[in-house]
Amino acid sequence: MPPKTTKRWVPVNRNAGASRGRDGGDPDADRLSALPDALLHHIMSFLKAWEVVRTCVLSRRWRHLWASMPCIDLRVGGDDYDEVPEDFPDFVRHLFRHRDATAALDTLRLRSSNVDGAHNEDDARLWIRTAIKRGARVIHLVGHRKMDWLCGSCLAMLEHASFVSCHLKILKLSYALLDDNILRQLSCHCLSLEELDLKDCMITGHEISSASLKILTMFKCQINANLSIAALNLVLLRCISPITQAPSFQNMGSLVAGTIILDDYAFSDDFEDFSKDELDETTDEDDDNQKYKTGYGFRDPGFGLIYKDDYGYGSDIDSDDNSYEYSDIAVDSGEYSFDGDGHSYSTDGNRHVHGENSGCNENKIKGGYNILQIFSNATSLELLADAGEVILTRELKRCPSFSNLKTLSLGEWCIDADFDALVFLLQHSPNLEKLFVELKLNLNARKPLVSGVKPKGRSFSCKHLRKVKIKCSKDDVRVHKLAHLFRANGIPYENIFVRRTESTYLRGEKIILLGTNWSS
């Protein structure tokens, strides 16, 4: 490892007052410096703290601009090794000490500790306390993606941190450990907290309860306790692929939109999240709160669907790629017939296998209670899971009426032989306008569980349903049965669209061929 070079916390300004252009013209030609402080501060918010400080050498205009910077980014990553000041904790102390005392500190971003020894956990906790005392509204703390023997842990340890603040509105934690003490602080002492974003965190605490919280995101969090969440004023909930068990919910009558993505395999004892091993170190891309590397892309909750994920769910409802009006492919339906258990046969009598149920033991799956009931007033909802998913199927028996629901996205979990679960949900969504359904004809897929619900007949009344989007493989003939079901309930074919993907049969043949070539 090359030796570090000593760096002063503030570089020497060798060109003080030199604001003239390269051609020696009018200094007003420096249009960047002519921008207002607020806009320059916004530009500087994309820089690390040591980079911001070094802008003081640019000109007199920039000499003190760093001191009123409302955003301080202290995230030290592997790529920053040659740029970070030698004594990083000392640099941060001077940074806080020499900031403009009248300037608000709005945002603090930091990594819990640095594997190269630039700072440790105690330093990070001290900086959090300092930022909170300065009235910070946004704190983003990032742990480490992968175990490192130098720091001894991959998670940000928060047991001695203090999140007691009347100013904190947004808290984002990545790769952090949240115990009962931390959750109690957030619930009882952060009375202005409106957004809580948890990514790849380990949760050992039992309760999140907040009257101020409006947005809650939990992405691939490992939940090692019976976690209960109560947030009366929550507007948007995203619960994406929880691990070990799912949280349970209560008191959420204000929810407008939600995304629930579940995978029963993540609840099994031998589950291992291999995605955490993809990178040795957390990158700034991982820290970006706008997009996760799994492909999820946020949508305005008032506009429709909220997420698009690796499985191809979500915003496909508005995509025209490989999409057809159903009437364009309806001629194909004559080649198939349907048997009583919902399986399909081609005219030559060959059966299309949907796969065996190989899911987790239903009795071992914990949590997820009230996961449907809390959305009784929602306008946009995604319930995404593969066939055989236990929690959503279980909670369907206590399904509320979704009288305000306009947009609904569903996965294979609700597509049983007679579409009972789907019909049941549509009967409970009378004002639905847009519906997205993905059919997964997969040789390795699980069979849907028996939902235990019986719709009142086969009819439903969705008078405002103007768009049905069905995503399926080219050889999945269930799309025709679905189209006939919608047509029988007053939805014209011109309102039904199909997005076709690769043939499952051909994909299976490719996999077999690759396996044969590999073994030989």
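Residues numbered from 1 in each chain as written. Predicted model: local features only at pLDDT ≥ 70, side-chain atom pairs only at ≥ 80, totals over all residues. Heavy atoms only, no water.

Moving on, we come to the sheet that holds strand β12 (residues 228–230). Ordered by their spatial adjacency, 3 strands build an open sheet running β9-β12-β14, and the pairing between neighbours is parallel. Only two strands of the sheet have a single partner each, and these edge strands are β9 (207–209) and β14 (248–250). Put simply, the sheet's adjacent strands are angled 15° from each other on average, direction ignored. (Pairing = 2+ DSSP bridges. Helix = DSSP H or I, 4+ residues; strand = E, 2+ residues; numbered from the N terminus. Axes fitted to C-alpha atoms, helices over the stretch in contact; angles between N-to-C directions.)

Among the secondary structure elements, W62 is positioned in the loop between α2 (49–53) and β1 (71–74). With 29 residues separating them along the chain, W62 and S33 place their C-alpha atoms 7.6 Å apart. Non-local contacts of W62, meaning those with residues more than four positions away in its chain, are made with L32, S33, L40, M44, T55 and C56. A polar side-chain atom of W62 sits 2.7 Å from a polar atom in the side chain of S33. (Contact = heavy atoms within 4.5 Å. Polar contact = N/O pair within 3.5 Å; in protein donor to acceptor, adjacent residues only side chain to side chain.)

Glancing now at the pairing of strand β20 (residues 407–410). Across the two faces of β20 the burial is the same, with T407 and S409 and L408 and L410 all buried. Handedness of the crossover joining strand β19 (residues 380–384) and β20 through helix α8 (residues 390–395) is recorded here as right-handed. With respect to chirality, the unit in which β20 leads through helix α9 (residues 420–427) into the neighbouring parallel strand β21 (residues 434–438) is right-handed. (Buried < 20%, exposed > 50% of the residue type's maximum accessible area, 1.4 Å probe, protein only. Right-handed = clockwise from strand over helix to strand, strands pointing away.)

A word on the pattern of salt bridges. With the rule as written, the count across this model stands at 16 salt bridges. The partner of R137 in a salt bridge is D106, and the shortest N-O contact between them spans 2.6 Å. Of the two residues, R137 is situated in the loop between α4 (121–133) and β3 (138–142) and D106 in the loop between α3 (88–97) and β2 (107–111); the sequence distance between them amounts to 31 residues. Classification of R137 by relative accessible area gives partly exposed; the value is 34%. The class of D106 is partly exposed, set by a relative accessible area of 22%. Residue E395 pairs with R394 through a salt bridge whose shortest N-O separation is 3.0 Å. Classification of E395 by relative accessible area gives buried; the value is 2%. Taken together, the shared-partner salt bridges in this structure form one network comprising D73, R75 and R109. (Salt bridge = Lys/Arg side-chain N within 4 Å of Asp/Glu carboxyl O.)

This prediction gives the protein chain a mean pLDDT of 79; 70% of its residues lie at or above 70. Mean pLDDT across the elements of the protein chain ranges from a minimum in strand β18 (residues 344–346), with 42, to a maximum in strand β10 (residues 215–219), with 98. Every residue in residues 1–6 scores below 50 in pLDDT, and together they form 8 contacts with partners more than four places removed in sequence or on other chains. Every residue in residues 287–315 scores below 50 in pLDDT, and together they form 98 contacts with partners more than four places removed in sequence or on other chains. (pLDDT = per-residue confidence, 0-100.)

The next point concerns the pairing of β1. Every second residue of β1 is oriented toward a common face, with C71 and D73 on one face and I72 and L74 on the other, all of them buried. Here β1 pairs with β2 via 4 bridges, running parallel. Its bridge partner being in β2, C71 is matched across the sheet by T107.

We now examine the nonpolar core. The tendency in soluble globular proteins is for nonpolar side chains to be buried side by side. Counting 120 residues, the largest nonpolar core has L74, F88, F163, L435 and F486 as its most contacted members. A per-element tally of this core places α9 first, with 6 residues. (Core = buried A, V, L, I, M, F, W, Y, C linked by side-chain atoms within 4.5 Å.)

Phi is positive for K220, close to 50°, though the residue is something other than glycine. Tracing the sequence through the fold places K220 in the loop between β10 and β11 (222–223). Given the relative accessible area of 18%, K220 is considered buried. The phi torsion at F419 lies on the positive side, around 60°, for a residue other than glycine. Mapped onto the secondary structure, F419 falls in the loop between β20 and α9.

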